[in-house]
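# Residue-level structure breakdown
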Amino acid sequence: MTPWLVLVNPYAARGRHARSRVEAALGNRDVPAEVTEVAGLDALRRTVARAAAERRTRFVAVGGDGTVNAVLNAVMTHQWDSRPVLGILPTGTGCDLLRTFGLGNRIGPAADRLAGDSTYPVDVGLAIGEWGRRYFLNVASIGATAAAAAASYRFPGWLGTFRYVGGVAASLPGFRMTEISLEAGGRSFRGNALTAVFANGQFFGGGFNIAPRASMVDQLLDVQVITATKREVARLMPKARGGHHLTDPSVRRFVAGEVRVETAEPWPVEADGEPLGSTPLLVRLQAGRIRLKI
């Protein structure tokens, strides 16, 4: 079997010495792998392009959710005779995607999952805006949650999952609610809102169970519009961390394969924690586009 092409992000939080730790974990488990560091998006794209030309289809992203997103987008720019396979070895500030599958953020147990042939076909989201196109595996959002994701980069990586909470504290006071118009699966919403979330996976923001009913294999996005005021965020956040917020009167939930949203004022957009640009936004789900090895 062709060895895994293991792509290490040396800039991911706690990524120092990640290559040696990954090589040791895979070597101890006799997992055939070619481990390489990719310092920046250009290097990542070149490495994946060479692999595509060689018809290699087995990739491992080493880092956090941002690294997984970068590898996903590099892979999705190519045409494949068979669906590519993506494994994950977490070394970043956190990997919320793995939480959907009940997995933690330790390299050893994740390396165990790379053995064997079984894979898990999953849906892939595609966010489209005036800024371009971006694939995502986990969650995209607009509004206050996207502003918090952008603000979280101001905080040091050693804070881990607490970076997002810091991002909320830093961005929320200056954030402005606005009227949004959203169409999802034949249903619509129009009114003032704080944020809107488009979930393929269940967790984001360092462990918030934002979409406890989401599935990555049902060809549907779990869409939530949150109309809570900024003063109500402190009350709603503990509910969202435990996945108990769906019955809150400030939460409107939809399921759809495609969502269109416009805002009265430009709102920030993020996907898998990565800032993208501003609204308007079109989000589509593409069924079974990639196979996860988890």
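Calculation criteria
Residues numbered from 1 in each chain as written. Predicted model: local features only at pLDDT ≥ 70, side-chain atom pairs only at ≥ 80, totals over all residues. Heavy atoms only, no water. Helix = DSSP H or I, 4+ residues; strand = E, 2+ residues; numbered from the N terminus. Rg over C-alpha atoms; globule rule 2.2 N^0.38 Å. Buried < 20%, exposed > 50% of the residue type's maximum accessible area, 1.4 Å probe, protein only. Contact = heavy atoms within 4.5 Å. Areas by Shrake-Rupley, 256 points an atom, 1.4 Å probe, with all protein chains shown as cover. Lys, Arg positive; Asp, Glu negative; His and termini not counted. Charge placed at Lys NZ, Arg CZ, Asp CG, Glu CD. Pairing = 2+ DSSP bridges. Axes fitted to C-alpha atoms, helices over the stretch in contact; angles between N-to-C directions. Core = buried A, V, L, I, M, F, W, Y, C linked by side-chain atoms within 4.5 Å. Parallel < 35°, antiparallel > 145°, perpendicular 65-115°, else oblique. Left-handed = near helix turned anticlockwise from the far one by under 90°. Nonpolar A, V, L, I, M, F, W, Y, C, P; charged D, E, K, R; others polar. Phe/Tyr/Trp six-rings, centres within 6.5 Å; stacked < 30°, edge-to-face > 60°. Lys NZ or Arg CZ within 6 Å of the ring centre and 35° of its normal. Salt bridge = Lys/Arg side-chain N within 4 Å of Asp/Glu carboxyl O.

Our next topic: the overall build of the protein chain. Within the protein chain, the secondary structure is distributed over eight helices and 16 strands. Over its C-alpha atoms the protein chain spans a radius of gyration of 19 Å, differing by no more than 12% from the 19 Å that the globule rule assigns to 294 residues. With respect to the three principal axes, the spread of C-alpha positions in the protein chain is 55 × 40 × 30 Å. Every one of the 294 residues in the protein chain was classed for burial, and the buried ones make up 55%. Taking the contacts inside the protein chain whose residues are at least 6 apart along the sequence as the reference set, 74% of them involve residues at least 24 apart. Surface exposure of the protein chain reaches about 13000 Å², of which carbon and sulfur atoms provide 49%. Treating the 35 positive side-chain charges of the protein chain as one cloud and the 25 negative ones as another, the clouds have centres 3 Å apart.

As a further point, take the sheet that holds strand E7 (residues 139-143). With antiparallel pairing, the six strands of this open sheet are ordered in space as E12-E11-E10-E7-E14-E15. A strand with exactly one partner marks an edge of an open sheet, and here the two such strands are strand E12 (251-256) and strand E15 (274-278). On average, each strand axis in the sheet is inclined to that of its neighbour by 20 degrees, with strand direction left out of account. Taken together, the four bridges between strand E14 (residues 268-271) and E15 define a ladder with antiparallel strand orientation. The partner of Pro268 across the bridge, within E15, is Ser278. Against the sheet, helix H6 (residues 144-151) engages E7, strand E10 (195-199), E14 and E15, with an angle of about 105 degrees to E7.

The biggest cluster of nonpolar side chains holds 34 residues, and the ones touching the most others in it are Leu7, Leu44, Phe59, Val68, Leu86, Leu137 and Ile290. Those elements giving two or more residues to this core turn out to be strand E1 (4-8), helix H2 (41-53), strand E3 (58-63), helix H3 (65-76), strand E4 (85-90), helix H4 (96-99), strand E5 (120-129) and strand E16 (281-293). Counting residues in each nonpolar core, the second largest holds 31 residues, with Leu172, Phe189, Val233 and Leu276 among its members.

The subject of this paragraph is the packing of H6 against helix H7 (residues 162-171). Here H6 crosses H7 at 110 degrees, and the two axes come no closer than 7 Å. The pairing of H6 with H7 is recorded here as roughly perpendicular in orientation. Regarding H6 and H7, the two cross each other, and that crossing is right-handed. Contacts between H6 and H7 involve Ala144, Thr145, Ala147, Ala148, Ala149 and Ala151 from the first element and Tyr164, Gly167, Val168, Ala170 and Ser171 from the second. Taken together, the residues of the contact of H6 with H7 sort by class into eight nonpolar, three polar and no charged.

The next subject is the packing of aromatic side chains. With the rule as written, the count across this model stands at five aromatic pairs. Summarising the aromatic geometry, the rings of Phe59 and Trp80 are spaced 5.8 Å apart at their centres and angled 75 degrees between planes, so their arrangement reads as edge-to-face. With Phe59 in strand E3 and Trp80 in the loop between H3 and E4, this residue pair connects regions lying 21 residues apart in the sequence. Overall, the relative accessible area of 0% leaves Phe59 in the buried class. Taken together, the ring pairs connect Tyr164, Phe204 and Phe208 into an aromatic cluster. A cation sits over an aromatic face here: Arg163 above Tyr153, 5.4 Å from the ring centre. The residue whose ring lies beneath Arg241 is Phe208, and the NZ or CZ to ring-centre distance is 4.1 Å.

A few words now on the pairing of E14. Relative to E14, E7 runs antiparallel, the two being bridged by three bridges. Note on E14: the bridge partner recorded for Ser141 is Glu270.

Applying the stated rule across the entire model yields 13 salt bridges. Among the salt bridges present, the one from Glu34 reaches Arg56, with a minimum N-O distance of 2.7 Å. Of the two residues, Glu34 sits in strand E2 (residues 33-37) while Arg56 sits in the loop between H2 and E3, which places them 22 residues apart along the sequence. Classification of Glu34 by relative accessible area gives partly exposed; the value is 40%. In this structure, the salt-bridge partner of Glu258 is Arg260, at a minimum N-O distance of 3.6 Å.

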